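The primary structure of each chain is shown beneath.
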Amino acid sequence: MDLIFNVGGSMAGSGGRQRGPPLFATEKPGRMAMAAYRVSAATVFAGVVLIWLYRATHLPPGGGNGVRRWAWLGMLTAELWFGFYWVLTLSVRWCPVYRRTFKDRLAQSYSEDELPSVDIFVCTADPTAEPPMLVISTVLSVMAYDYLPEKLNIYLSDDAGSVLTFYALCEASEFAKHWIPFCKKYKVEPRSPAAYFAKVASPPDGCGPKEWFTMKELYKDMTDRVNSVVNSGRIPEVPRCHSRGFSQWNENFTSSDHPSIVQILIDGNKQKAVDIDGNALPTLVYMAREKRPREQHHFKAGSLNALIRVSSVISNSPIIMNVDCDMYSNNSESVRDALCFFLDEEQGQDIGFVQYPQNFENVVQNDIYGHPINVVNELDHPCLDGWGGMCYYGTGCFHRREALCGRIYSQEYKEDWTRVAGRTEDANELEEMGRSLVTCTYEHNTIWGIDKGVRYGCPLEDVITGLQIQCRGWRSVYYNPERKGFLGMTPTSLGQILVLYKRWTEGFLQISLSRYSPFLLGHGKIKLGLQMGYSVCGFWAVNSFPTLYYVTIPSICFLNGISLFPEKTSPWFIPFAYVMVAAYSCSLAESLQCGDSAVEWWNAQRMWLIRRITSYLLATIDTFRRILGISESGFNLTVKVADLQALERYKKGMMEFGSFSAMFVILTTVALLNLACMVLGISRVLLQEGPGGLETLFLQAVLCVLIVAINSPVYEALFLRRDKGSLPASVAQVAPIDQEVPRHTSNCHQLLN
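Quick notes on the rules
Residues numbered from 1 in each chain as written. Predicted model: local features only at pLDDT ≥ 70, side-chain atom pairs only at ≥ 80, totals over all residues. Heavy atoms only, no water. UniProt positions renumbered as here; feature names shortened; annotations may be inferred. Helix = DSSP H or I, 4+ residues; strand = E, 2+ residues; numbered from the N terminus. Rg over C-alpha atoms; globule rule 2.2 N^0.38 Å. Buried < 20%, exposed > 50% of the residue type's maximum accessible area, 1.4 Å probe, protein only. Contact = heavy atoms within 4.5 Å. Areas by Shrake-Rupley, 256 points an atom, 1.4 Å probe, with all protein chains shown as cover. Lys, Arg positive; Asp, Glu negative; His and termini not counted. Charge placed at Lys NZ, Arg CZ, Asp CG, Glu CD. Pairing = 2+ DSSP bridges. Core = buried A, V, L, I, M, F, W, Y, C linked by side-chain atoms within 4.5 Å. Axes fitted to C-alpha atoms, helices over the stretch in contact; angles between N-to-C directions. Left-handed = near helix turned anticlockwise from the far one by under 90°. Nonpolar A, V, L, I, M, F, W, Y, C, P; charged D, E, K, R; others polar. Polar contact = N/O pair within 3.5 Å; in protein donor to acceptor, adjacent residues only side chain to side chain. Domains from an automatic or database assignment. Buried area = accessible area lost by both parts, 1.4 Å probe. Salt bridge = Lys/Arg side-chain N within 4 Å of Asp/Glu carboxyl O. Phe/Tyr/Trp six-rings, centres within 6.5 Å; stacked < 30°, edge-to-face > 60°. Lys NZ or Arg CZ within 6 Å of the ring centre and 35° of its normal. Patch = residues over 30% accessible without salt bridge, like charges linked within 9 Å, V, L, I, M, F, W, Y side chains within 5 Å.

Per an unreviewed UniProt entry, the recorded name for the chain is Glycosyltransferase 2-like domain-containing protein, and the organism is Oryza meridionalis. Looking at the chain in UniProt, the text filed under Function (unreviewed entry) is "Thought to be a Golgi-localized beta-glycan synthase that polymerize the backbones of noncellulosic polysaccharides (hemicelluloses) of plant cell wall." The chain has a UniProt comment under Subcellular location (unreviewed entry) that states "Golgi apparatus membrane".

Given below as structure tokens:
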């Protein structure tokens, strides 16, 4: 795609500093590419309007049992929604932008001493779902950033208050003395030791085999010690690291009932905190906020707010970065890239946060789940950035501390990049101050979680937080470097994926129905395009009902010989055929352009359908149950440990079901219904002459066949597979597989009503 470059910069700056060249560039697609896209979109929209017109002008007459008329009205409603949602999505994609940084100019404009310090937050909540070795590999990857160590401060929030995680972090603090100089000396990438040694089988350039194998053995020894302690559940009598902190755990300590703990494991301000080469180490802090059974702790949002307060007395860096414990740093220069945006004196004054994309290293080629990561990262997110506000997604994000803490942007605002905490040298005193800031009653009658810090009251607290920052006048930017900034692990079972999307859908729906709706909160504060961008996800839930209607009613009517589409020979057939072919051709072209294969695109279409009739549907139901007071909000932690057999099946392209789920019952019922309608319907059409033949039911037959083809993994898991990842027998018993599918109009009328 041809790009137009747009860079800024001027000669005079604030505070007497000479403004140098811009530190980043903004690139837009060329005019010809955008013109072609818009012409294509216009023709599809014309087809959509003709479909609406056909539905409105060919409404079947009433009388009789009225089945066709009611089915027709349902199709009109569904197609009106699909058209509206397509226009909404299209509008967001109207003006994508792409960012490029100039780290060489950053080095020319600012000395190392002038660069701001950075506080990095890593959050974990359960040592079983998030094993300690996974957590500390992420911690080590950010400790080894290519940045002045005296200006790096790493904080681990352990919401479970697990002594096993604390022990693992102590081990990591010792291993870091060897690992960090090794990484910087040989420019190692990635700097997560687990990822590095899993990917690299030989020493880097300039490193001798002995030194490399010594480092590998050091990591293996640490891994063995940590895993041994985790498996036994007991801490050695004389652990190698700091023993002082272990005294805070006792027999009454539980994950949901424990006091606050703040431990500075490495104090970067102390001269003795050095690596094996005598160079300074980053500050490393362990935090477990107080938890009591009757006190609300607000999940990850509460953890991040506790980290903001603790870090304010220990380091108080003007830049805060947070990353999930399973999203290790894959690019050692990510900090410098982010600073190119914040420190640009012409364009960076109003940038509140820089969001990196989420990428996953365990996605295999021709992924059966069709994870739309490439299309989302290469197309969707740059389009949001084009409207002035990439969403905050809760991980891999660099924030200005003041923007995150509720400051309203004004043109008079000037950032003090050199400010740090007015701290004492006494670590014990700092720890005591930190503990007092993370008690479970500290936030009572305060604006924390309301107007300050990360927001409470929604499963997607990060999205609301980012939206409020933008509504306060700050911009956000999206940066997707060639070498990915962060890599994590995505679920590899269908159940986990659907639960994850259900949680996201509930969160977006709650936002849309609350005072945080982008059309309410953002009115007059952010661009209309950005409001629409947030609403694309906000309306996920609404898609469930028309989609479920479209994959059931036309098939049932096909079985009963009831036509809902124009005949093949009718001129009205053309807009239906064109919209379907053009829309899916465009979707396929986008996927191929972003690096996906045709198989991955097909799998993505399957997951698009599955999510809509399962995750989105149940999310909608549960949200309204909560609104009515029937149930309460909860949070399901995504398990970061994969079953080895399930992982092997995933690599072979086998969809993982495994355990019973109401979502599987819905999916199986729809799949079996369409299979029966296809077989019996086509048989009836071939045997029947006159009205109700293939001529009038062609599009319904095609739709039914496509739905059956998309559901092929469901039939395989139901009828052919016998492994543990197949559909459980309980799902087959609940789904109506033994019930006769209705064959007459009267039965169809019963189902429609």
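Below, the discussion takes up the overall build of the chain. Counting its regular elements, the chain contains 27 helices and 13 strands. Computed over C-alpha atoms, the radius of gyration of the chain comes to 28 Å, within 12% of the 27 Å expected from 2.2 N^0.38 for 753 residues, which places it in the range of a compact globule. Expressed along its principal axes, the backbone C-alpha trace of the chain runs to roughly 90 × 65 × 60 Å. With 753 residues in all, the chain has 56% of them scored as buried. Relative to all contacts within the chain whose residues are 6 or more apart in sequence, the contacts with residues 24 or more apart total 82%. Element-wise, carbon and sulfur atoms account for 57% of the exposed surface of the chain, whose accessible area totals about 31,800 Å². Positive and negative side-chain charges of the chain, numbering 69 and 73 respectively, have mean locations separated by a distance of 3 Å.

A few words now on the pairing of strand β11 (residues 397-400). Going residue by residue along β11, you find Cys397 and His399 tucked away on one face and Phe398 and Arg400 tucked away on the opposite face as well. Pairing analysis gives four bridges linking strand β8 (residues 319-324) to β11, with the strands arranged antiparallel. Counterpart to Asn322 in the pairing with β11 is Cys397.

What follows deals with the nonpolar core. Side chains that are nonpolar tend, in soluble globular proteins, to be buried together. Counting residues in each nonpolar core, the largest one holds 88 residues, and the members touching the most others are Tyr369, Leu494, Leu564, Met607, Met655, Phe657 and Leu727. When residues in this core are grouped by element, the largest group, eleven residues, is from helix α23 (residues 662-687). Excluding anything up to four places from it in sequence, Phe657 contacts Leu494, Phe664, Leu667, Pro713, Val714, Ala717, Gly725, Ser726 and Leu727. One finds Val229, Trp249, Met321 and Phe486 within the second-largest nonpolar core, a separate group that totals 76 residues.

The subject of this paragraph is the packing of helix α1 (residues 31-57) against helix α19 (residues 573-593). α19 packs onto α1 with a crossing angle of 145 degrees between their chain directions and a minimal axis gap of 9 Å. Between α1 and α19 lies a crossing whose hand is left-handed. Of α19, the residues touching α1 (which contributes Tyr37, Thr43, Val44, Gly47, Val48, Leu50, Ile51, Tyr54 and Arg55) are Pro575, Phe576, Tyr578, Val579, Ala582 and Glu590. When its residues are assigned to classes, the contact of α1 with α19 shows eleven nonpolar, two polar and two charged.

Of note, Glu130 is situated in the loop between β4 (118-124) and α4 (132-143). There is a polar contact of 2.8 Å between the side chain of Glu130 and the backbone nitrogen of Ala125.

Here the domain parsing of the chain yields domain 1 (103-490) and domain 2 (527-734). Residue-level contacts link 31 residues of domain 1 with 29 residues of domain 2. For the domain 1 and domain 2 pair, buried surface summed over both sides reaches about 2,800 Å², with 67% attributable to carbon and sulfur atoms. For the pair domain 1 and domain 2, the number of links is zero salt bridges.

Next up on the list: the packing of aromatic side chains. Any two aromatic rings considered together are summarised by their centre-to-centre distance and by the angle between their planes. Taken as a whole, this structure holds 45 aromatic pairs when the rule is applied. Between Phe84 and Phe539, the aromatic rings sit 6.2 Å apart at their centres with planes inclined by 50 degrees, giving tilted as the arrangement. Of the two residues, Phe84 is situated in helix α2 (residues 67-92) and Phe539 in the loop between α16 (528-538) and α17 (544-550); the sequence distance between them amounts to 455 residues. Owing to a relative accessible area of 22%, Phe539 belongs among the partly exposed residues under this scheme. Taken together, the ring pairs in this structure connect Phe175, Trp179, Phe182, Tyr186, Tyr196, Phe197, Trp212, Phe213 and Tyr219 into an aromatic cluster. Across the ring face of Tyr501, the terminal group of Arg611 is positioned such that the distance to the ring centre comes to 4.5 Å.

An order of β6-β7-β5-β4-β8-β11-β10-β12 is seen for the eight strands of this open sheet, with the pairing classed as mixed. The sheet is open, and its two borders are formed by β6 (261-266) and β12 (475-478), each paired with just one other strand. Mean inter-strand twist for the sheet, computed between neighbouring axes without regard to direction, equals 20 degrees. Where strand β5 (residues 152-158) meets strand β7 (residues 283-288), five bridges bridge the pair, whose relative direction is parallel. Residue pairing for β7: Ser157 is matched across the bridge by Met287.

So, about the UniProt feature "transmembrane region" (unreviewed entry) in the chain. The positions that UniProt labels "transmembrane region" (unreviewed entry) are, in the present scheme, residues 35-54, 70-95, 657-682 and 697-720. Regarding residues 697-720, the helix share stands at 96% and the strand share at 0%, and the terminal C-alpha atoms are separated by 31 Å.

With that settled, consider the UniProt feature "active site" (unreviewed entry) in the chain. Residues annotated in UniProt with the feature "active site" (unreviewed entry) correspond here to Asp159 and Asp462. By secondary structure assignment, the location of Asp159 is in the loop between β5 and α5 (163-186). When its relative accessible area of 6% is taken as the criterion, Asp159 is described as buried. Asp159 has contacts with Thr124, Ala125, Ser255, His258, Arg289, Lys291, Phe299 and Ser303, leaving out every residue within four places of it along the chain. Its location among the elements puts Asp462 in helix α13 (residues 461-471).

This part takes up the environment of Arg105. Here Arg105 lies in helix α3 (residues 103-109). As a C-alpha pair, Arg105 and Thr283 span 178 residues in sequence and 28 Å in three-dimensional space.

The next thing to look at is a nonpolar patch on the surface. Nonpolar side chains collect at one region of the surface, where Met580, Val581, Tyr584, Trp608 and Leu706 lie side by side and expose about 420 Å² of accessible area between them. Counting residues per element, the nonpolar patch draws most heavily on α19, which supplies three residues. If you trace the backbone, Met580 turns up in helix α19. By relative accessible area, which is 33% here, Met580 ends up partly exposed.

Looking now at unusual backbone geometry. The peptide bond linking Glu189 to Pro190 adopts the cis configuration, its omega dihedral lying at -10 degrees. Looking at the secondary structure, you find Pro190 in the loop between α5 and α6 (193-199). Notably, Phe299 is not glycine yet its phi reads approximately 55 degrees, a positive angle. Looking at the element boundaries, Phe299 is found in helix α8 (residues 299-314).

Within the structure shown, the criterion is met by 33 salt bridges. Between Arg99 and Asp385 there is a salt bridge whose closest N-O contact spans 2.9 Å. Of this pair, Arg99 sits in strand β3 (residues 98-101) while Asp385 sits in helix α10 (residues 373-386), placing them 286 residues apart in sequence. An identical accessibility class is assigned to Arg99 and Asp385; each is buried. Where Asp324 meets Lys300, a salt bridge forms, and the shortest distance between an N and an O atom there is 2.7 Å. Linking Asp324 in strand β8 with Lys300 in helix α8, this pair joins segments that are 24 residues apart in sequence. Residue class for Asp324 comes out partly exposed when judged on its relative accessible area of 22%.

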